[in-house]
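Descriptive analysis of the structure
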Amino acid sequence: QLARLPGLAGRTGLASGEMVPSYNPVALAAMHGLQARERQRVAAAEGGEAVVTNEPAGPLVLVVDDSLTVRKVTQRLLLREGYRTALAKDGLEALERIAEEKPAMVLSDLEMPRRDGVDLVRILRADPRVADLPVVIITSRIAQKHRDHAVALGVDHYLGKPFVERELLELVARHTGFPAPR
């Protein structure tokens with residue numbers, strides 16, 4: 001989870017046995033300075049004021065999972081790559097988020113309380129306003145029968161848990177048109 005974190009040089013152990021990260025301040029400063037200069041250049045080219053912000057400007061990706069840990073880990077991965085994220089704990093909450101702002105794509109678990117991933121996909125595919133919304137199912141249910149059922153519903157991709165970060169990021173980049181990870 002931390003291998004691609006910019007500026008992270010490694011970890012070290014304290015006398016108490018606690019492990020703490022060690023950062024490369026030069027790499028951090030270079031990366032953040034480059035990002036700030038790029039935002040200023042773009043703003044100046046557009047004739048506006050340079051507004052420096054750490055908010056991602058990429059496409060919105062909706063992460064739907066009943067596990068808080070999975071939602072947060074996936075959110076951190078996407079934010080690190082420049083995507084905006086919205087989170088939902090089940091299909092019902094996902095539909096509320098989609099009504100607020102249509103995401104570029106949805107990453108959803110299969111089994112959740114109130115409204116599961118199957119119901120969510122059925123509803124999305126039946127609504128002409130969001131029928132083309134890319135949906136990737138990320139689930140621990142990796143049997144072929146589950147995969148076949150999801151594909152028959154119109155799911156774009158089906159990944160098992162735990163997912164491979166690079167594979168997920170490539171899927172998100174492909175479906176959103178946002179630059180692929182470095």
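In this report, the structure presented in the accompanying data block is examined. (Residues numbered from 1 in each chain as written. Predicted model: local features only at pLDDT ≥ 70, side-chain atom pairs only at ≥ 80, totals over all residues. Heavy atoms only, no water.)

1. Observations concerning the packing of helix H3 (residues 91–100) against helix H4 (residues 117–126)
- The N-to-C vectors of H3 and H4 enclose an angle of 30°; their axes lie 9 Å apart at closest approach. Taken together, the axes of H3 and H4 are roughly parallel relative to one another. Crossing of H3 against H4: the hand is right-handed. Between H3, through Gly91, Ala94, Leu95 and Ile98, and H4, the contact on the second element is made entirely by Leu120, Ile123 and Leu124.
- Per-class residue counts for the contact of H3 with H4 are six nonpolar, one polar and no charged. (Axes fitted to C-alpha atoms, helices over the stretch in contact; angles between N-to-C directions. Helix = DSSP H or I, 4+ residues; strand = E, 2+ residues; numbered from the N terminus. Parallel < 35°, antiparallel > 145°, perpendicular 65-115°, else oblique. Left-handed = near helix turned anticlockwise from the far one by under 90°. Contact = heavy atoms within 4.5 Å. Nonpolar A, V, L, I, M, F, W, Y, C, P; charged D, E, K, R; others polar.)

2. Structural notes on the environment of Met112
- Positionally, Met112 belongs in the loop between strand E5 (105–108) and H4.
- Relative accessible area serves as the criterion here: at 10%, Met112 is assigned to the buried category.
- Those residues in contact with Met112, other than ones at most four positions away along the chain, are Val64, Asp65, Asp66, Lys89, Asp90, Gly91 and Gly117. (Buried < 20%, exposed > 50% of the residue type's maximum accessible area, 1.4 Å probe, protein only.)

3. Side note on empty space enclosed by the protein
- Applying the stated criterion to the full structure yields one cavity of 30 Å³ or more.
- Val63, Val64, Asp65, Val70, Thr74, Leu107, Ser108, Asp109 and Ile138 together form the lining of the largest cavity.
- Among the secondary structure elements, those contributing two or more residues to the lining of the largest cavity are strand E3 (60–64), helix H2 (68–80) and E5. (1 Å grid on protein atoms, 1.4 Å probe; cavity = no way out; pocket = protein on both sides within 12 Å on 5 of 7 lines; lining within 4 Å. Points joined across faces, edges and corners; volume = space filled by probe spheres on them.)

4. A short note on the pattern of salt bridges
- Counted under the stated rule, the structure contains 13 salt bridges.
- Between Lys161 and Asp65 there is a salt bridge; the shortest N-O distance is 2.8 Å. With Lys161 in the loop between strand E7 (157–160) and helix H6 (165–176) and Asp65 in the loop between E3 and H2, the pair connects residues that are 96 residues apart, well separated along the chain.
- Among the residues examined, Lys161 registers a relative accessible area of 29% and is labelled partly exposed.
- Among the charged side chains, a salt-bridge network with shared partners connects Lys89, Glu93, Arg97 and Glu100. (Salt bridge = Lys/Arg side-chain N within 4 Å of Asp/Glu carboxyl O.)

5. Details of the sheet that holds E7
- Here five strands make up an open sheet; going across it, the order is E4-E3-E5-E6-E7 and the pairing parallel. The sheet terminates laterally at strand E4 (84–88) and E7, the two strands that pair on one side only. Across the sheet, the mean angle separating the axes of adjacent strands is 20° when strand polarity is ignored.
- Pairing of E5 with strand E6 (residues 135–139), which is carried by three bridges, proceeds in the parallel orientation. Its bridge partner lying in E6, Leu107 is registered against Val136. (Pairing = 2+ DSSP bridges.)

6. Thoughts on H6
- Taking 1.5 Å as the rise per residue, H6 with twelve residues should run 16 Å; its terminal C-alpha atoms sit 16 Å apart, in good agreement.
- Within the sequence span of H6, burial applies to Glu165, Leu168, Leu169, Leu171, Val172, Ala173 and Thr176.
- Elements in contact with the buried residues of H6: E3, H2, E5, E6 and E7.
- At the exit of H6 stands Gly177, carrying a positive phi of roughly 75°. (Expected span 1.5 Å × (residues − 1).)

7. What to know about the side chain of Thr85
- With respect to the helices and strands, Thr85 occurs in strand E4.
- On the basis of relative accessibility, which here comes to 18%, the residue Thr85 falls in the buried class.
- A distance of 3.0 Å separates polar atoms of two side chains, one belonging to Thr85 and the other to Gln75.
- Apart from residues no more than four positions distant in its own chain, Thr85 is found in contact with Leu60, Val61, Gln75, Leu78 and Leu79. (Polar contact = N/O pair within 3.5 Å; in protein donor to acceptor, adjacent residues only side chain to side chain.)

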